[in-house]
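Remarks on the overall topology
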Amino acid sequence: MGTGLGGKPILNTDVFCFAPPDTLQEKIPPGVLHPKRIFRGVVAGVRDYGNRTGIPTANGALYFDERYLGNPIVFCGTVGLIPKDMCEKNANPGDAIVVVGGRTGRDGIHGATFSSVELHEKSEQTSGGAVQIGNAITEKALLDVLLQARDKGLYHCITDCGAGGLSSAVGEMGQDLGAVVNLEKVPLKYEGLSYTEIWISEAQERMVIAVAPEKEAELLTLCKSENVEATVIGRFTNDKTLRLFYNAQPVGEIDMDFLHNGIPRLERKATWHKTVFEEPNMPEKGDYGVDLKKILSAWNVCSKEWVIRQYDHEVQGGSVLKPLQGVNNDGPGDACIITPVLGSRKGIIVSNGMNPRYGDIEPYNMAASAIDEALRQIIAVGGNLGQVALLDNFCWGNTNKPDRLGSLVKTAQGCYDVAVAYGTPFISGKDSLNNEFITEKETIVIPPTLLISAVAVMDDVRKAISMDAKAPGNLIYLVGLTRPELGGSHYYHVHGYKGNNVPTVDTALGKKIMDALSRATEWRTVRSCHDCSEGGLAVAAAEMAFSGGYGITIDLKVVATEGVIHRNDTLLFSESNTRFVVEVQPEHRQQFEDIIKDIPHGLLGKVTPEPQFKVYGLNNKTVINENIYDLKETWQAPLRW
Amino acid sequence: MTKPKIIIIRTAGTNCNQETGYAFERAGAQVDVVHINSLLANKKVLNDYHVLALPGGFSYGDDISAGKILANQIKYHLLDNVKTFIREKKLIIGICNGFQVLVKAGLLPSVDMQQQDVTLTFNDSNKFEDRWVYLKVCSGKSAFFKEGSAPIYLPVAHGEGKFITRDQGVLDKIVMNRQVILKYVDENGEDAGYPWNPNGSIQNIAALCDSTGQVLGMMPHPERHLEPTQHPRWTREGLREWGDGFVFFKNAVDYIKQNFTIR
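Every residue gets a number counted from 1 within its own chain, in the order that chain's sequence is written. Lettering for chains starts from A, numbering for ligands starts from 1, and both go in the order in which the items are written. It should be noted that, the model being predicted, local features are given only for residues of pLDDT at least 70 and side-chain atom pairs only at 80 or more, the latter also being counted only at that level, while totals for whole chains, interfaces and linings use all residues. To get the side-chain values, all heavy atoms of the structure are used, and hydrogens and water are removed first.

Details of the overall build of chain B
Applied cut-off: Numbering of helices and strands runs from the N terminus, with a helix taken as a DSSP run of H or I at least four residues long and a strand as a DSSP run of E at least two residues long. The quantity called the radius of gyration is restricted to C-alpha atoms. Its globule counterpart is 2.2 Å times the number of residues to the power 0.38. With a 1.4 Å probe rolled over the protein chains alone, any residue whose accessible area is under 20% of its type maximum counts as buried; one over 50% counts as exposed, and the rest are partly exposed.
In terms of regular secondary structure, chain B is built from eight helices and 11 strands. By the compact-globule yardstick of 18 Å for 263 residues, chain B fits well, its C-alpha radius of gyration being 17 Å. Each of the three principal axes of chain B carries a C-alpha extent, and together these read 45 × 40 × 35 Å. Taking all 263 residues of chain B together, 63% fall into the buried category.

See the structure below:
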């Protein structure tokens, strides 16, 4: 709503990081709520606010790691639609400063600074006031009225009251002008706020707009007609000074230039020392069915249907590819697609990628892998790299400490290199630092957490592809190169290891693979497609099978590898990037193979009518032979709350 | 003006007005979305329309209970106009939150009742759920649905959709009067429990009309299955010409065209 002259929110995406819900109560430090309780509370909050504001929550992810115990992370993103000619905004001297929407309260004082301080046992008591108390309907009414005001040209600059509240909203809008604000005019939720609290409260649902004097009356009338409060609290000036008054008493005066440019640039020291983790030495086994089930039931991989169904992912009527897919509407989709303009075939694809465990080993690869993951989800559903934009969200520990900052720098380098190589620009991002929790015994530092979100435009949504296996007899390919990259993998994780061979990204090859697959979907030779991420080939193929209600039989001998891989478990569970499991109808085989002939691929097997997921290993013996309904049950059981 | 005219009422927290309006437009109607404040300030405007639609959402946040505040605005400020609207053989439709409003305004199951006899309460699962359901048309009493076809497939998305009646007598009466328009069924058209019945409604009731058949309330969202690409399995089963929800809007527009001279 605060971008340009205001966009219309068309989609929400929510990514949460918590400690595992089965964490033992004894391990919960004083001042911390159990992660299961936090999880339930966060889902309830997103459900109530997201659903009531009428924005579909159609994409998201959940990530669990013990180190989020003291600092759970909640990423919420919104995609908006804005007319191209409404992207520019500027306030003018003489414009009224109008605060629209909710009232100002004592909630959300120092919210922004709180989100970036180290937490401890007493934080619950000392920082409670930092939490804003939102009201979804105030927001929705505000949105309805603002879009009308925008289209009528009733204001020409708008900013939300985010971090810093009115202080940053007015400060930003008046940067090149100057402003006078009469703080006693700000409508309050209740009496008793000091002028400082009024000025910095981060109470929700408030927007500041700049309104030309001749439009004031019309704006106020419009707002009133829909029960939305709008109040003139000051004026923009041309003296390049910010002046605050409270009941005519001057309570603040500062030069705008100093306010914006006065802070000296800090220099920080960053170091990076690669940690070498224990390399597992697991004996080879004849059967990996148990390992597959362990990964399918891991918190990060298991079905998130319990969460997804509580969000309205279809409001606004544009849903094309839902988060849950397949014969029973319950398989794990790669990315979601919506058509925000009703009646148009143009779609928006939204996906995300994240893997903090890679970051423990090598932050650069974590960034590269997260971008690759977000992009391959776009490709998997039928998109292409042509019109993709990325966003980065950094949540880190205390970056005053050189090692934390070092991993952040390496991550940023990875972001830069891979985004440039793939030709996918970063258009926005955010950060939250100092995510550390101090207990009497230790300091819990969150893992370096980079969330990459990707947004793409799709010309014709009727070419979208879902991930569920479609029909017996169809061929199953693995497209992309498999390397022995089990470092940070879920296979190692379920066995208690981290390893060191973290997946790399070969952007030159990756781009070739993605472009080829986009051509293949464009020409409608792909029946289903699922990217390989956590759990590698085995998990991707198993998910396709049980989501489609058919079996899949594959042969590991024909997997395209870099060098020779001697182990079945490496082939099954390696998390090498830029790989896709693709289902092709036999009649499209020639056409599909023509498109992918220059990139590594293997025709691994086919979809079968028998509900069995069967994998033949390097020795021609079955290394996995599991009933798909058993696998599905294993995958669905953990979060069936 | 040759198109039936639809008025869609919105207020703070109304969410589905745009797609509902779009659906009526695709079916050949002209649509105006009007804020309740504006309608209450000029109630006569209602005379210009043939169909009054209360779309889905969370009117006033569903604070107090779902749809209650908007229901009271209609009950205490607009009831006479609404009664005239019904007397003139015009149609009223409430979808999801709109159904909750109609029930709590006392317009369903009968506009003449003395007390609220039915309600929509919290789902048995005790949470909001977005899922697709199969529905059987069990009565031809409403102009919006024709009886006897294969199950239709629409999504529900609500936390308070469990239909209950005050007592068995009320239930018997609405069943006998053939006011139950839609029932939740499984894909074969048979009665089934959760999740086919997503909320625990008695007798799997998903939609209800009034004694005249002109007022309809339904929990499922026909406007969310207009385009064939809205079907959750279109990538498996292929694209049809229209989604199952389209016929609902088409029937309403056809009814108006048949019963009114549209100038």
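Let's talk about the overall build of chain A
The criterion, for reference: Contact definition: two residues touch when any of their heavy atoms are within 4.5 Å. The charged-residue count follows a simple rule in which Lys and Arg add positive charge and Asp and Glu add negative charge, with His and chain termini not counted at all. Taken as the charge centre is NZ of Lys, CZ of Arg, CG of Asp or CD of Glu, depending on the residue.
Within chain A, the secondary structure is distributed over 19 helices and 28 strands. Relative to the 2.2 N^0.38 estimate, which gives 26 Å for 641 residues, the radius of gyration of chain A is 26 Å and therefore close to what a compact globule would have. Across its three principal directions, the C-alpha atoms of chain A cover 85 × 60 × 40 Å. By the burial criterion, 59% of the 641 residues in chain A qualify as buried. Restricting the contact set of chain A to residue pairs at least 6 apart, pairs at least 24 apart contribute 84%. Seen as two clouds, the 63 positive and the 78 negative side-chain charges of chain A have centres 3 Å apart.

As for the interface of chain B and chain A
Condition: As a working definition, buried area equals the accessible area (1.4 Å probe) given up by two parts on being put together, with both sides summed. Salt bridge, as used here: a side-chain nitrogen of Lys or Arg that lies within 4 Å of a carboxyl oxygen of Asp or Glu. Here a polar contact is taken to be a pair of N or O atoms separated by no more than 3.5 Å, where protein atoms must pair a possible hydrogen donor with a possible acceptor and residues adjacent in sequence count only if both atoms sit in side chains.
Between chain B and chain A, the residue contacts involve 36 residues of the former and 46 residues of the latter. Between chain B and chain A, roughly 3200 Å² of surface is buried when both sides are summed, and carbon and sulfur atoms account for 47% of that area. The three residues of chain B that bury the most area against chain A are B:Asp130, B:Thr235 and B:Arg236, which together make up 21% of that side's buried surface. Counting across the interface, chain B meets chain A through five salt bridges. B:Arg10 serves as the salt-bridge partner of A:Glu226, at 2.4 Å between the closest nitrogen and oxygen. At the boundary of chain B and chain A, one finds 26 residue pairs in polar contact (both at pLDDT 80 or more). Of all the secondary-structure elements, those providing two or more residues to the side of chain B that touches chain A are α1 (17-26), β6 (129-137), β7 (152-158) and α7 (234-237) of chain B. Broken down by element, the residue count for the side of chain B that touches chain A peaks at four residues, all from β6(B).

As for empty space enclosed by the protein
Residue and element names in this part refer to chain A. Selection rule: A cavity here means a set of points on a 1 Å grid, drawn over the protein atoms and nothing else, where a 1.4 Å probe fits but cannot get out; a pocket is an open set with protein on both sides within 12 Å along at least five of seven lines, and a residue lines either one if it has an atom within 4 Å of a point. Grid points are joined across faces, edges and corners, and a volume is the space filled by probe spheres set on the points. Ten residue types, Ala, Val, Leu, Ile, Met, Phe, Trp, Tyr, Cys and Pro, are classed as nonpolar, four, Asp, Glu, Lys and Arg, as charged, and the remainder, Gly among them, as polar.
Within this structure, the stated rule accounts for 10 cavities of 30 Å³ or more. What lines the largest cavity is a set of 40 residues, among which Gly60, Ala61, Lys304, Pro332 and Gly333 lie closest to the centre. Ranked by residue count, the leading element in the lining of the largest cavity is strand β2 (residues 57-64), at seven residues. Across the lining of the largest cavity, the residue classes tally to 20 nonpolar, 12 polar and eight charged.

What about the packing of helix α1 (residues 35-52) of chain A against helix α4 (residues 136-151) of chain A?
Pairs of packed helices are described in terms of their axes, by the angle between the two and the distance that separates them. Residue and element names in this part refer to chain A. Spelled out, the test is: Convention adopted: a line fitted to C-alpha atoms gives each axis, helices being fitted over their contacting stretch, and angles between N-to-C directions are expressed from 0 to 180 degrees. The cut-offs work like this: below 35 degrees is roughly parallel, past 145 is roughly antiparallel, 65 to 115 is roughly perpendicular, and the gaps in between are oblique. By convention the crossing between two helices is left-handed if the near helix lies anticlockwise of the far one by an angle smaller than a right angle, and right-handed if it lies clockwise.
Relative to each other, α1 and α4 sit at 25°, their axes nearing to 8 Å. The pairing of α1 with α4 is recorded here as roughly parallel in orientation. Where α1 crosses over α4, the two elements pack in a sense that is right-handed. In this structure, α1 uses Asp48, Tyr49 and Arg52 to contact α4, whose residues at the interface are Ala136, Ile137, Glu139 and Lys140. Residues belonging to the contact of α1 with α4 are distributed by class as follows: three nonpolar, no polar and four charged.

Comments concerning the domain arrangement of chain A
Residues and elements named next belong to chain A. Operational definition: All domain edges in this entry derive from an automatic or database-based domain assignment.
Taken domain by domain, chain A comprises domain 1 (93-267) and domain 2 (289-639). Taking the mean C-alpha position of each, domain 1 and domain 2 sit 41 Å from one another. Listed per partner, the contact involves seven residues of domain 1 and nine residues of domain 2. Between domain 1 and domain 2, the buried area comes to about 660 Å², and carbon and sulfur atoms account for 41% of it. It is Ser116, Glu118 and Leu119 that lose the most area in domain 1 upon contact with domain 2, and together they represent 68% of the buried surface on that side. The interface formed by domain 1 and domain 2 contains zero salt bridges. At the boundary of domain 1 with domain 2, the tally comes to zero residue pairs in polar contact (both at pLDDT 80 or more).

Points about the environment of A:Val341
Position of A:Val341 among the secondary structure elements: in the loop between β15 (336-338) and β16 (347-353). In this structure, the C-alpha to C-alpha distance between A:Val341 and A:Asp144, residues 197 residues apart in sequence, is 17 Å.

Some thoughts on the pattern of salt bridges
Inspection of the entire model under this criterion finds 51 salt bridges over all chains. A salt bridge links B:Arg224 to A:Asp312, with the shortest nitrogen-to-oxygen separation between them at 2.9 Å. In this pair, B:Arg224 is assigned in the loop between β11 (215-218) and α7 and A:Asp312 in the loop between α10 (305-308) and β12 (319-321), connecting two distinct chains. For B:Arg224, a relative accessible area of 3% gives the class buried. Classification of A:Asp312 as buried rests on a relative accessible area of 4%. Residue B:Arg26 is joined to B:Glu227 by a salt bridge in which the shortest nitrogen-to-oxygen separation is 3.3 Å. Of this pair, B:Arg26 sits in helix α1 while B:Glu227 sits in the loop between β11 and α7; the two residues are 201 residues apart in sequence, bridging distant segments of the chain. Residue B:Arg26 is classed as partly exposed on the basis of its relative accessible area of 36%. A relative accessible area of 21% means that B:Glu227 is categorised as partly exposed. Residues participating in the shared-partner salt-bridge network are A:Asp65, A:Arg67, A:Arg357, A:Asp360 and A:Lys498.

Things to note about unusual backbone geometry
All names here are of chain B. Omega for the peptide link from Leu108 to Pro109 comes to 0°, which places this bond in the cis form. Mapped onto the secondary structure, Pro109 falls in the loop between α5 (97-104) and β5 (118-121). The backbone of Ile64 sits at a positive phi, close to 75°, despite the residue not being glycine. With respect to the helices and strands, Ile64 occurs in the loop between β3 (51-54) and α3 (68-77). Ile64 sits in the exposed class, given a relative accessible area of 72%. Even without being a glycine, Lys89 presents a positive backbone phi close to 70°. If you trace the backbone, Lys89 turns up in the loop between α4 (79-87) and β4 (91-95).

Some details on the sheet that holds β4(B)
Residues and elements named next belong to chain B. Defined as follows: Pairs of strands are assigned from DSSP output, requiring at least two bridges between the strands.
One open sheet accounts for nine strands, arranged β2-β1-β3-β4-β11-β10-β9-β6-β7; its pairing is mixed. Where the open sheet ends on each side, the last strands, each with one partner, are β2 (30-35) and β7. Shown here is a sheet whose adjacent strand axes are inclined to one another by a mean of 25°, direction ignored. With three bridges connecting them, strand β9 (residues 180-185) and strand β10 (residues 205-209) associate as antiparallel partners. Each bridged residue has a counterpart across the sheet, and for Leu182 the counterpart in β10 is Ala207.

Some thoughts on the side chain of A:Lys470
Within the secondary structure layout, A:Lys470 lies in the loop between β21 (449-458) and β22 (475-479). Within the local environment of A:Lys470, its side chain forms a polar contact with the backbone oxygen of A:Arg527, the two atoms lying 3.2 Å apart. Sequence-distant contacts of A:Lys470, defined by excluding residues within four places in its chain, comprise A:Arg527, A:Ser528, A:Tyr550, A:Glu583, B:Thr235 and B:Arg236.

Points about the packing of aromatic side chains
The condition is simple: Within 6.5 Å between ring centres, the rings of Phe, Tyr and Trp (the latter by its six-membered ring) count as paired, and their orientation is classed by plane angle as stacked under 30 degrees, edge-to-face over 60, tilted in between. Definition used: whenever NZ (Lys) or CZ (Arg) falls within 6 Å of the ring centre and also within 35 degrees of the ring normal, the charge is taken to sit over that ring.
Following the criterion strictly, the structure yields 24 aromatic pairs over all chains and no others. Relative to B:Phe163, the ring of B:Phe99 lies with its centre 6.5 Å away and its plane at 15°, an arrangement referred to as stacked. Within this pair, whereas B:Phe99 is found in helix α5, its partner B:Phe163 is found in strand β8 (residues 162-165), the two being separated by 64 residues in sequence. Here B:Phe99 falls in the buried class, since its relative accessible area comes to 0%. Ring geometry for B:Trp242 against B:Phe246: centres 3.7 Å apart, planes inclined by 5°, an arrangement best described as stacked. Members of the aromatic cluster, connected to one another through ring pairs, are A:Phe16, A:Phe18, A:Phe39, A:Phe64, A:Trp299, A:Trp306 and A:Trp641. Lying across the ring of A:Trp641, A:Lys36 places its NZ or CZ 4.7 Å from the centre.

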